[in-house]
Amino acid sequence: RVEFGYPAALCNIHFLVTLLGVELLYRAKMFQKVTVVNVRDLNFMAIAVVIGIVTPLNNTSLKLNSIGFYQIMKLLVTPCVVLIEYVLDRKVLSKQRTVLLVAVCVSVMISSKGALGHSYYGTICALIWVPFAALYKVQWGRVKAMYNCSTLALMRAVLPYSICVQAAMSPLVDPPGILDFAWTWEAVFWIALSGIFAFLVNFSGFLVMGNISALAHVLLGQLKTAIIMIGAAILFGSKYTPSQLVGAIGAVVAIILYSHVTIKEKETDSDRDKDDLTIPLVSSSSSKTMKSMNAATTY
C-alpha cells in the first residue's frame, strides 16, 4: 500500500517501535534489566554492531534481488552457522543431523528454483549479509548466556546501540530522497502497523536464538517459507512447478525429522548425565568389604 523504498530507514523505524514495546514491558515490570558491566565488552558490542548491520543489508538484498535468489543466499547462512559454532564453541553435529541438514538445504534449493534475478549492488549486499547473519544468530545466544538474562532484557540493552549503527548505515544503503517522502496519514498508519508486527517478529526471533539455538532459528525460517508455498498452492491456487512443491514438502519433512533426532539426542545426553550422577564411586558391598578389611588390619 505504501511505496517506502528506504530499507535502512524502515529498519530503524521497526527497531524504534520494538524498543518502545520493550520499554513499555519493562515499565510494567515484566522483566528485570540487565546491567552491562562494560559497554566496551567485545562480545556485547559485537552483537550490537552486527544486528545494526544485518537487518538493513537483509532488506536491501530482498529489495534489489528476486525472491529465488534471496532464498538461495539464505541457504548459505546454515553452513556458516555450523562453522561459527564450531570455531567459537567447538560444537559438532552428529552424522544424522548433518545428513538431515543437507536434505533441508537441498529441498529448499529445489523449492526456490525459478527466477534468480539479481543486481550487482544487491549481490554485494547479500554476500556481506550472509556471514554477518550467521554471526549474529550465534552471538545472541552466547551473550544471553554470558549475562544470564532474559531475552527482553538483552533486547533493551542492545537495541539502542544497534539503532545508532543502522542510522549511520542509512546513507550508505538507502537511495536519496527520504526527506521528500510524503508522510500521509495512510503512510504513517501502514508503517506504524509494520513496526508493531516487527516487534512481534523480532521478539520471537531473539527468543528462539537465545533459548533454543541459532540453527533452530534458521530452520524455522526455512519451514515458514516452505509452509507458505504449500499453503498458497492449496488455498489460493498459486502456480508452482511440481519440483518446487516436492522441494517444499521435502524441506518440511526433513526439518521435522531433524527436530525429532535433535530431541532424541538431547534426551540421550540427559539420561547419560543422570546415570553418571547416580552411579556411586564405590558400591555399598565394596564399601562394607573395605570397612571390614580396615577393621581387621593393625599397624
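Residues numbered from 1 in each chain as written. Predicted model: local features only at pLDDT ≥ 70, side-chain atom pairs only at ≥ 80, totals over all residues. Heavy atoms only, no water.

For the chain, the count of helices and strands is 11 helices and zero strands. Put simply, the chain has 299 residues, and 40% of those count as buried. In the structure as shown, the chain presents an accessible area of about 17500 Å², 68% of it carried by carbon and sulfur atoms. (Helix = DSSP H or I, 4+ residues; strand = E, 2+ residues; numbered from the N terminus. Buried < 20%, exposed > 50% of the residue type's maximum accessible area, 1.4 Å probe, protein only. Areas by Shrake-Rupley, 256 points an atom, 1.4 Å probe, with all protein chains shown as cover.)

Moving on to the packing of aromatic side chains. According to the stated counting rule, one finds 11 aromatic pairs in the structure shown. Summarising the aromatic geometry, the rings of F4 and F181 are spaced 4.9 Å apart at their centres and angled 85° between planes, so their arrangement reads as edge-to-face. Of this pair, F4 sits in the segment before helix 1 (7–27) while F181 sits in the loop between helix 7 (151–173) and helix 8 (185–211), and the two are 177 residues apart along the sequence. Considering the side-chain rings of F4 and W183, the 5.6 Å spacing of their centres and the 55° angle between planes classify their relative orientation as tilted. Highlighted residues: F4 in the segment before helix 1 and W183 in the loop between helix 7 and helix 8, separated in sequence by 179 residues. We note R90 situated over the ring of Y86; from NZ or CZ to the ring centre the distance is 5.0 Å. A cation sits over an aromatic face here: R156 above Y26, 3.9 Å from the ring centre. (Phe/Tyr/Trp six-rings, centres within 6.5 Å; stacked < 30°, edge-to-face > 60°. Lys NZ or Arg CZ within 6 Å of the ring centre and 35° of its normal.)

Turning next to a nonpolar patch on the surface. A surface patch of nonpolar side chains, amounting to about 480 Å² of accessible area, comprises L64, Y120, Y121, I124 and I128. When residues in the nonpolar patch are grouped by element, the largest group, four residues, is from helix 6 (residues 120–147). Within the secondary structure, I128 sits in helix 6. (Patch = residues over 30% accessible without salt bridge, like charges linked within 9 Å, V, L, I, M, F, W, Y side chains within 5 Å. Salt bridge = Lys/Arg side-chain N within 4 Å of Asp/Glu carboxyl O.)

Here we take up the packing of helix 7 against helix 8. Two numbers describe how helix 7 lies on helix 8: the axes approach to 10 Å, and their chain directions differ by 115°. The angle between helix 7 and helix 8 falls in the class roughly perpendicular. Between helix 7 and helix 8 lies a crossing of right-handed hand. Note on element contacts: helix 8 touches helix 7 through F203, F206, L207 and N211, opposite T151, L152 and M155. Grouping the amino acids of the contact of helix 7 with helix 8 by side-chain chemistry returns five nonpolar, two polar and no charged. (Axes fitted to C-alpha atoms, helices over the stretch in contact; angles between N-to-C directions. Parallel < 35°, antiparallel > 145°, perpendicular 65-115°, else oblique. Left-handed = near helix turned anticlockwise from the far one by under 90°. Contact = heavy atoms within 4.5 Å. Nonpolar A, V, L, I, M, F, W, Y, C, P; charged D, E, K, R; others polar.)

A few words on the nonpolar core. Counting residues in hydrophobic clusters, the biggest one holds 65 residues, and the most contacted among them are I51, V77, V81, Y136, W140 and V158. Ignoring any residue separated from it by four or fewer positions in sequence, one finds V158 in contact with F44, I47, A48, I51 and W140. One finds F4, Y6, A9 and I191 within the second-largest nonpolar core, a separate group that totals six residues. (Core = buried A, V, L, I, M, F, W, Y, C linked by side-chain atoms within 4.5 Å.)

Here the focus is the confidence of the model for the chain. Interpreting fine coordinate detail is not advised for predicted regions of low pLDDT. Counting all residues, the mean pLDDT for the chain is 84, and 87% of those residues have values of 70 or more. Under a pLDDT of 50 for its full length, residues 277–299 has, in the predicted model, two contacts with residues more than four places off or in other chains. (pLDDT = per-residue confidence, 0-100.)

All told, the structure shown has four salt bridges when counted by the stated rule. Taking the shortest distance from any N to any O, the salt bridge between E23 and R27 comes out at 3.0 Å. Of this pair, E23 and R27 both sit in helix 1, four residues apart, which is roughly one turn of that helix. The class of R27 is exposed, set by a relative accessible area of 62%. Between R142 and D89 there is a salt bridge whose closest N-O contact spans 3.2 Å. Of this pair, R142 sits in helix 6 while D89 is found in helix 4 (residues 77–89), placing the two residues 53 residues apart along the sequence.

In this section: the side chain of Q71. Locating Q71 in the fold gives a position in helix 3 (residues 67–75). A residue is classified by how much of its surface remains accessible, and Q71, at 8% relative accessible area, is buried. Sequence-distant contacts of Q71, defined by excluding residues within four places in its chain, comprise S112, Q222 and T225.

Residue position: S111 is located in helix 5 (residues 95–111). Within polar-contact distance, the side chain of S111 engages the backbone oxygen of V108 at 2.8 Å. Sequence-distant contacts of S111, defined by excluding residues within four places in its chain, comprise M229, Q244, G247 and A248. (Polar contact = N/O pair within 3.5 Å; in protein donor to acceptor, adjacent residues only side chain to side chain.)

Turning to the environment of P171, a few remarks are in order. Following the sequence through the fold, P171 ends up in helix 7. Accessibility expressed as a relative area gives 63% for P171, which makes it exposed. For P171 and A8, which are 163 residues apart along the polypeptide, the C-alpha to C-alpha distance reads 8.4 Å.

The terminal C-alpha atoms of helix 6 lie 40 Å apart, and with 28 residues this matches the ideal 40 Å at 1.5 Å per residue to within 8%. Remark: the principal bend of helix 6, roughly 30°, maps to W129, with a proline, P131, within the next four residues. Two or three places before G122, at the start of helix 6, stands the capping residue S119, its side-chain oxygen 3.0 Å from that residue's backbone nitrogen. Looking at the residues trailing helix 6, positive phi occurs at N148, about 50°. (Expected span 1.5 Å × (residues − 1). Bend = angle between axes of the 7 residues up to and from the residue.)

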